[in-house]
Amino acid sequence: MTLPTLELSDKDFNRLAQFINGYSGIRMPASKRAMVEGRLRRRLVRHGFNDFTSYCQYLFEGGGMADEAVHIIDAVTTNKTEFFREPDHFRFLADVVLPELLRGRDAPSLKLWSAACSVGAEPYSLAMLLAEQMRQSGRDIRCSILATDLCIEVLEKAIAGIYSEEMVRPIPLELRQRYVLRSRDPEARLVRITPDLRRLVRFLRLNLMDDHYGVDQGFHVIFCRNVLIYFSRADQERVLARLAEHLAPGGYLFLGHSETIAGLNLPLRPVGPTIFAKA
Ligand SMILES: C[S@@+](CC[C@H](N)C(=O)[O-])C[C@H]1O[C@@H](n2cnc3c(N)ncnc32)[C@H](O)[C@@H]1O
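From a predicted model like this one, the values you see are computed outputs, not experimental measurements.

## Regarding the overall build of the chain
Scanning the chain from terminus to terminus reveals ten helices and ten strands. Viewed in the frame of its principal axes, the chain has a C-alpha envelope of about 65 × 55 × 30 Å. Scored against the burial criterion, the 279 residues of the chain give a buried share of 33%.

Shown next as structure tokens:
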């Protein structure tokens, strides 16, 4: 399909940028204009519009936004992720957090949340780590992993748990052999997370900008990595305060390596590289 080479006017870009920022928290400075233009062109074609102005009129004056918002957000989010991304976080979890949470508890139950999970690499990495903990210790740990994202497309991929062979390469070989199934068709070069591991993870659409998350509190571990970097400082502080409310006392929050809470007024203290414990 050939897409039209349409241009987005200042006025239309500003309206879209304001909407995207208000809805998702993602900042849309002028430098993102070409990205927005490129990614939304398909939506125009889909609706049969010949220019961005008619599309924006449909969205903002014609009531089209009610149905189109989800697609706009899906188009503009950045979903880059990897299995065991920022591996020192997983080491800290295995060496420090899990032993501490499990110590002296007969029937331990653990609640983890991957709060911007993209296509699922992060929550499935957490699931592998917990499954290994159970296998090696021989203990029956009741564990639940909640995985949420704003983008529906990535959630659908995450639920399917199907990845390219290349994508699962960062998973240590032993874990890959145990928790990843090869496709019956070797040409497909696709793999799938095992059903037992997939069952440990519950996926939901959740907008971190919402006032109420509608999920349980008392999480022992929350991963919210590489998403707040796109938000304004004020939105970061609001989201982090809400996430802290969802942590159990002494629970751990993991942020992305380029994210910081310095200067923010939060009940969190640093305990490792972009790792915080609820005070
Ligand atoms: C760069 S990915 C990070 C994925 C994973 N946490 C990691 O570090 O590999 C950022 C994710 O945040 C999601 N996202 C963006 N804004 C969001 C919001 N307001 N609420 C929830 N998720 C959001 C995007 O859809 C995207 O999947």
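What follows continues from the structure just given.
## Points about the packing of helix α1 (residues 10-24) against helix α4 (residues 65-76)
For any two helices packed against each other, one specifies the crossing angle of their axes together with the interaxial distance. Remark: α1 packs on α4, axes separated minimally by 11 Å, with the N-to-C direction vectors making an angle of 90°. In this view, α1 runs roughly perpendicular relative to α4, as classed from their interaxial angle. Mapping the contact onto sequence places I20, Y23 and S24 in α1 and A69, I72, I73 and V76 in α4.

## Some remarks on the sheet that holds strand β5 (residues 190-193)
Pairing within the open sheet is antiparallel, and its three strands lie in the order β3-β5-β4. Two strands lie at the open edges of the sheet, namely β3 (162-164) and β4 (180-182), each paired on one side alone. The average undirected angle you get between the axes of adjacent strands in this sheet is 35°. When β3 meets β5, the two strands line up antiparallel, connected through three bridges.

## Comments concerning the site of the ligand
Neighbouring residues of the ligand: 23 residues in total, closest T77, T81, A116, C151 and L208. When its residues are assigned to classes, the shell around the ligand shows eight nonpolar, ten polar and five charged. Structurally, the shell around the ligand is a two-domain feature, drawing no fewer than three residues from each of domain 1 (10-76) and domain 2 (87-278).

## Let's talk about the environment of S258
Of note, S258 is situated in the loop between β8 (247-255) and β9 (268-272). The spacing of S258 and L40 is 218 residues in sequence and 28 Å in space, taken between C-alpha atoms.

Thresholds, definitions, all that
Residues numbered from 1 in each chain as written. Predicted model: local features only at pLDDT ≥ 70, side-chain atom pairs only at ≥ 80, totals over all residues. Helix = DSSP H or I, 4+ residues; strand = E, 2+ residues; numbered from the N terminus. Buried ≥ 20, exposed ≤ 12 C-beta atoms within 10 Å, placed from the backbone. Axes fitted to C-alpha atoms, helices over the stretch in contact; angles between N-to-C directions. Parallel < 35°, antiparallel > 145°, perpendicular 65-115°, else oblique. Contact = placed C-beta atoms within 7 Å. Pairing = 2+ DSSP bridges. Near = placed C-beta within 6 Å. Nonpolar A, V, L, I, M, F, W, Y, C, P; charged D, E, K, R; others polar. Domains from an automatic or database assignment.

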